[in-house]
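# Summary of the model geometry
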Amino acid sequence: MRKLTLGTRLTLGGIVIVVVPLLIIGLFAIMKASNALTALSREQAANVTAKLADMTQVALSSELKVVKELSQEPLIIDTAAKVAAANAEEYGADIQRLNRRLSGIMKQIGNEYESILVTNSKGGIVADGSNGEYANLSISNRDYFLAAGKGKTNVGTVVKSQKTGNPVAPICAPIYGPTGEFLGSVSIPLKIDFLVEKIAATKMGATGYAFMTDAGGRVIAHPRRDLILELELKNAKGMESIVSNMLAQKAGVESYVFEGIPKIAGYAPVGLTGWSVAVTQPDEEFLAPAHAIRNGIFLVGIVFLGLTLVLVFFFARSISRPIARVVQGLGEGSHQVAAASAQVSASSQSLAEGASEQAASLEETSSSLEEMASMTKQNADHANQANSLMVEMTQVVKESNAAMAQLTTAMSEIARASEETSKIIKTIDEIAFQTNLLALNAVVEAARAGDAGAGFAVVADEVRNLAIRAADAAKNTANLIEDTIKKIKEGTEQVNKAGDAFGLVASSATRMGELVSEVAAASNEQAQGISQVNKAVAEMDKVVQQNAANAEESAAASEELNAQAEQMNAYVADLVAVVGGNGKKGGNGRMVLTARAGNAGENGKSMSPAFGLTRDPGHTGKRQIGKQRAVSRELEVRPEQVIPLGEDEMGRF
């Protein structure tokens with residue numbers, strides 16, 4: 001719809017204004033005419049079926065009257081009474097006389113009946129109007145005879161005649177004797193060809209016709225002779241509803257489908273027999289008058305539509321041409337304003353982006369310096385703590401070294417004491433050895449003395465045993481002391497080594513303490529320097545953030561100017577689309593500017609001549625602000641070219 005010109009829209013609006021009322025009136029007229037004609041056609045169908053049903057009712061009533069009069073014929077009553085009272089030999093002459101009488105009646109009433117049959121009370125035929133052709137036949141099981149036996153003059157079920165093959169309707173009346181007893185019946189098989197022809201001759205429209213069914217829904221009259229007594233409508237698909245109403249002896253008009261053709265039929269009952277007469281017509285023919293009116297209204301509507309197109313076209317053209325000229329001039333001005341605002345917006349946007357990137361970088365630097373200052377201060381604290389610990393450790397190492405020296409001295413003294421103990425043990429061993437020798441000599445001397453020296457020998461022997469035991473104990477003690485001296489020597493060597501190691505540790509701890517002290521002093525000085533740098537960077541960050549905010553405000557103002565220009569351009573585009581219907585739309589739904597915002601620079605770079613902006617397509621999203629290039633006055637975009645104002649207006653602007 002947006003691509004349509006103003007003239008086209010006016011034309012379509014005029015067409016709608018004319019066509020919609022015409023269409024509403026036409027549809028209303030068609031609906032009313034269709035309803036009226038449908039009601040008239042339905043009423044006509046109902047009237048025709050009612051007349052056919054009345055005609056059939058009258059015809060059958062007259063035939064019933066004829067049969068009833070025959071049942072009251074004296075000769076028939078007399079013969080029937082004799083048949084009921086005597087045997088065949090006694091009433092043979094009476095039967096012959098009755099046959100002649102019935103034949104005479106057949107000649108008088110014409111060819112409407114196949115015959116006249118007189119039966120006894122059991123249904124056996126005793127006389128007929130066909131010279132005895134039906135003699136000895138029985139109709140005892142026929143519905144019309146059974147109804148006659150109950151005292152009812154009736155029309156039986158239509159059947160196909162065995163004699164002619166045509167449909168016949170048996171009409172039967174009871175025969176009563178003088179005392180009221182049932183003697184038999186009189187039946188006449190009525191040829192209903194005249195009813196079939198009368199019904200078949202009834203027409204509705206071009207192809208509409210009438211038909212009649214019996215009480216069971218079987219067709220007994222139809223223009224198609226092959227369907228008579230052959231078609232059971234209650235089994236026909238699509239006719240269930242209408243057949244149900246016909247069998248229920250109802251009258252009305254209803255739609256149905258027969259052999260795949262939608263039809264409308266009026267139906268009415270024949271109350272005397274339970275039959276039903278219907279007049280049917282296809283839907284297309286039934287509504288043909290309404291369709292003719294509809295076609296006429298459509299033709300008139302097309303004529304009016306053609307006239308409306310011509311008139312509205314010239315009217316729309318006279319309005320849209322002046323507006324199109326105004327829109328063209330306004331569009332050119334809006335394009336120039338949009339080009340200038342686009343350049344201003346592009347330069348401001350580049351400046352804002354550069355300031356934002358610089359502020360972001362400085363902010364990251366400031367954050368990194370803050371982290372470094374924090375880590376440096378933390379390192380200085382740790383160095384001071386390490387220095388304190390090293391001082392304490394140096395003192396502990398000195399004390400440990402002194403204790404180790406005392407331990408070494410003690411171990412040396414223990415070693416000397418052990419050597420002295422070993423000498424004493426050796427002396428005890430020598431004494432025990434000498435004592436043993438003396439005891440041995442004493443024993444020898446006691447032996448020499450004989451009995452006088454026996455007691456002395458015992459003492460000497462005990463002394464010898466003690467000396468031996470003392471020698472053994474001294475030997476064991478000497479072995480233990482030797483092992484102890486050996487282990488003390490080994491311990492002394494280990495203590496000496498440990499003392500030497502502790503001396504080295506003390507020397508290293510002293511040197512490490514000096515180094516840690518120097519590191520702590522340097523860390524404190526470094527933390528103070530980084531703190532000063534961090535303060536300076538924070539001040540720079542504030543200044544850059546302020547500059548970035550100012551640049552963003554400038555870019556926002558430029559964007560607002562550009563948005564206003566684009567909005568103005570969009571308004572012009574909408575007006576152009578309304579008038580001309582051919583406004584070219586960009587991806588954002590606004591009109592594409594035809595004025596160029598810049599010229600092509602070197603290496604495929606797009607350059608704005610008014611602001612010296614350089615954009616590198618290969619750069620990943622960053623714009624560089626280049627030096628402003630010199631341009632010729634022919635390529636410069638002057639303000640008076642972008643916004644055509646007077647000198648006074650330009651000064652105020």
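Since this is a predicted model, take the numbers as computed values, not measurements.

Procedures and definitions
- Residues numbered from 1 in each chain as written.
- Predicted model: local features only at pLDDT ≥ 70, side-chain atom pairs only at ≥ 80, totals over all residues.
- Heavy atoms only, no water.
- Helix = DSSP H or I, 4+ residues; strand = E, 2+ residues; numbered from the N terminus.
- Buried < 20%, exposed > 50% of the residue type's maximum accessible area, 1.4 Å probe, protein only.
- Contact = heavy atoms within 4.5 Å.
- Areas by Shrake-Rupley, 256 points an atom, 1.4 Å probe, with all protein chains shown as cover.
- Arc of directions from axis to C-beta.
- Pairing = 2+ DSSP bridges.
- Core = buried A, V, L, I, M, F, W, Y, C linked by side-chain atoms within 4.5 Å.
- Expected span 1.5 Å × (residues − 1).
- Polar contact = N/O pair within 3.5 Å; in protein donor to acceptor, adjacent residues only side chain to side chain.
- Salt bridge = Lys/Arg side-chain N within 4 Å of Asp/Glu carboxyl O.
- Phe/Tyr/Trp six-rings, centres within 6.5 Å; stacked < 30°, edge-to-face > 60°.
- pLDDT = per-residue confidence, 0-100.
- Patch = residues over 30% accessible without salt bridge, like charges linked within 9 Å, V, L, I, M, F, W, Y side chains within 5 Å.

## Re the overall build of the chain
Tallying secondary structure elements over the chain gives 11 helices and 16 strands in all. Evaluated residue by residue, the chain yields a buried proportion of 34% over its 653 residues. Within the chain, counting contacts between residues at least 6 apart in sequence, those at least 24 apart form 60% of the total. Just so you have it, the chain exposes about 38,200 Å², and 58% of that area is on carbon and sulfur atoms.

## Overview of helix H6 (residues 240-247)
Along an α-helix, a turn takes 3.6 residues, which lines up residues three or four apart on a common side. Those residues of H6 that sit buried are Ile242, Val243, Asn245 and Met246. Along H6, the residues classed as buried sweep out an arc of 160 degrees about the axis, all on the same side. Against strand S8 (208-213), strand S10 (252-258), strand S11 (261-270) and strand S12 (275-282) lie the buried residues of H6. Trailing H6 by a residue or two, Gln249 shows a phi angle of about 60 degrees, which is positive.

## Digging into the pairing of strand S5 (residues 167-176)
In terms of burial, S5 is a largely internal element, 9 of the 10 residues being buried. Pairing of strand S4 (residues 159-160) with S5 involves 2 bridges; the strand directions are antiparallel. Its bridge partner lying in S5, Val159 is registered against Val168. Taking the residues that link successive antiparallel strands as the turn, the S4-S5 hairpin has 6 residues, and the phi of Gly165 there is positive, at about 80 degrees. Summarising the sheet, S5 and strand S6 (residues 182-191) pair through 9 bridges and their orientation is antiparallel. Pairing of Val168 across the sheet is with Lys191, part of S6. Here S5 folds back onto S6, and the loop between the two strands holds 5 residues, one of which, Gly180, carries a positive phi near 90 degrees.

## Some points on unusual backbone geometry
In this model, Leu229 sits at a positive phi of 60 degrees, which is unusual for a non-glycine residue. Position of Leu229 among the secondary structure elements: in the loop between strand S9 (219-221) and H6. For Leu229, a relative accessible area of 12% gives the class buried. Notably, Gln249 is not glycine yet its phi reads approximately 60 degrees, a positive angle. Mapped onto the elements of the fold, Gln249 is located in the loop between H6 and S10. Taking relative accessible area as the criterion, Gln249 reaches 28% and is therefore assigned partly exposed.

## Some thoughts on the nonpolar core
The biggest cluster of nonpolar side chains holds 50 residues, and the ones touching the most others in it are Ile76, Leu102, Ile116, Val118 and Trp275. In this structure Ile116 touches Leu70, Leu102, Ile105, Met106, Ile109, Ala127, Asp128, Gly129, Val186, Ser187 and Ile188, once residues within four positions along its chain are discounted. Formed by 16 residues, the second largest nonpolar core is a distinct cluster that contains Tyr209, Phe258, Ala265 and Ala278.

## Examining helix H2 (residues 74-85)
Between its terminal C-alpha atoms H2 stretches 16 Å, which fits the 16 Å expected from 12 residues at 1.5 Å a residue. Considered for burial, the residues of H2 that qualify are Leu75, Ile76, Thr79, Ala80 and Val83. Relative to the axis of H2, the buried residues are bounded by an arc of 125 degrees and lie together on one face. Facing away from the buried side of H2, by more than 90 degrees, are the exposed residues Pro74, Ala84 and Ala85.

## Comments concerning the side chain of Ser103
Within the element layout of this structure, Ser103 appears in helix H3 (residues 88-109). Look at Ser103 and you get buried, because its relative accessible area is 14%. Within the structure, Ser103 has its side chain in polar contact with the side chain of Asn131 (distance 3.5 Å). Leaving out residues up to four positions away in the same chain, Ser103 has contacts with Gly129 and Asn131.

## Brief notes about the pattern of salt bridges
All told, the structure shown has 8 salt bridges when counted by the stated rule. Taking the shortest distance from any N to any O, the salt bridge between Arg224 and Asp226 comes out at 3.4 Å. A salt bridge links Glu259 to Arg224; the nearest nitrogen and oxygen atoms lie 3.4 Å apart. One end of the pair, Glu259, is in the loop between S10 and S11; the other, Arg224, is in the loop between S9 and H6, and 35 residues separate them in sequence. One salt-bridge network, in which partners are shared between bridges, spans Asp78, Lys82, Asp94 and Arg97.

## Points about the packing of aromatic side chains
Tallied over the full model, the rule gives 3 aromatic pairs. An angle of 70 degrees between the planes, with centres 6.3 Å apart, marks the rings of Tyr176 and Phe182 as edge-to-face. For Tyr176, a relative accessible area of 34% gives the class partly exposed. You can call Phe182 partly exposed: its relative accessible area is 23%.

## A closer look at the pairing of strand S2 (residues 125-128)
In this structure, strand S1 (residues 117-120) lies alongside S2, joined through 3 bridges in antiparallel fashion. When the bridges of S2 are listed, Thr119 appears paired with Ile125. Between the end of S1 and the start of S2, which pair antiparallel, lie 4 residues, with Gly123 showing a positive phi angle near 95 degrees.

## Let's talk about the confidence of the model for the chain
Reading fine detail from the predicted coordinates is not recommended where pLDDT is low. On average, residues of the chain score 76 in pLDDT, and 83% of them reach the 70 mark or higher. Here residues 583-645 is modelled with pLDDT under 50, and outside its nearest four sequence neighbours on either side it reaches 94 contacts, counting other chains as well.

## Notes on the environment of Ile199
Tracing the chain through its elements places Ile199 in helix H5 (residues 193-200). With relative accessibility at 0%, the residue Ile199 sits in the buried group. Placed 11 residues apart in sequence, Ile199 and Ala210 show a C-alpha to C-alpha distance of 5.7 Å. Once you skip the residues sitting within four places of it in the chain, Ile199 turns out to touch Ala210, Phe211, Met212 and Ala221.

## Section: a nonpolar patch on the surface
A cluster of nonpolar side chains, Leu309, Val310, Phe313 and Phe314, forms an exposed patch at the surface whose accessible area comes to about 380 Å². If you trace the backbone, Phe313 turns up in helix H8 (residues 288-449). On the basis of relative accessibility, which here comes to 42%, the residue Phe313 falls in the partly exposed class.

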